[in-house]
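Chains, contacts and geometry: an overview
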Amino acid sequence: MADKEKKKKESIFDLSKYIDKPIRVKFQGGREASGVLKGFDPLLNLVLDGTIEYMRDPDDQYKLTEDTRQLGLVVCRGTAVVLICPQDGMEAIPNPFIQQQDG
């Protein structure tokens, strides 16, 4: 039984290089937020400070509007996190898979 000791789970992500840096997080259900990463654990629970939530369009839950709301210090549950990316160096690009119609 001693050989079958539970091993501590290690995260496949190394988020330590993003501590105290701004990141953007997307969640299941389409919500998005950005803030300064203050901490995390192996289950990808995140602690963000100065968090801003990007509001969604009431008609299309997956479309963001220009509206935001200040949330401050938040804990993001890791099971709901879909994407984590650094805030700097991120830019929106047009979807390359949608056929552009020439007018």
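First, a word on what this report is: a plain description of the structure on this page. Worth saying up front: this structure is predicted, and the values here are computed from it rather than measured.

Now for the nonpolar core. Residues Leu15, Ile23, Val25, Phe27, Ala33, Leu37, Leu44, Leu46, Leu48, Val74, Cys76 and Val81 constitute the largest nonpolar core, which totals twelve residues. Taken together, the elements giving at least two residues each to this core come down to strand S1 (22–27), strand S2 (32–40), strand S3 (46–56) and strand S4 (64–76). The residues contacting Ala33, other than those within four sequence positions of it, are Ile23, Arg24, Val25, Phe27, Thr51, Ile52, Glu53 and Tyr54.

Strand order in the open sheet made by the five strands is S4-S3-S2-S1-S5, with antiparallel pairing throughout. Since the sheet does not close on itself, it has two edges, and those belong to S4 and strand S5 (81–86), each with one partner. For this sheet, the mean angle separating the axes of adjacent strands, direction not counted, is 30°. By the bridge criterion, seven bridges tie S2 to S3 in an arrangement that is antiparallel.

So, on to unusual backbone geometry. With a phi angle near 65°, Asp20 is a residue other than glycine that sits in the positive phi range. Checked against the element boundaries, Asp20 lands in the segment before S1. Even without being glycine, Leu44 reaches a positive phi, approximately 65°. One can find Leu44 in the loop between S2 and S3. On the accessibility criterion, Leu44 (14% relative accessible area) is buried.

About the cut-offs
- Residues numbered from 1 in each chain as written.
- Predicted model: local features only at pLDDT ≥ 70, side-chain atom pairs only at ≥ 80, totals over all residues.
- Heavy atoms only, no water.
- Core = buried A, V, L, I, M, F, W, Y, C linked by side-chain atoms within 4.5 Å.
- Buried < 20%, exposed > 50% of the residue type's maximum accessible area, 1.4 Å probe, protein only.
- Helix = DSSP H or I, 4+ residues; strand = E, 2+ residues; numbered from the N terminus.
- Contact = heavy atoms within 4.5 Å.
- Pairing = 2+ DSSP bridges.
- Axes fitted to C-alpha atoms, helices over the stretch in contact; angles between N-to-C directions.

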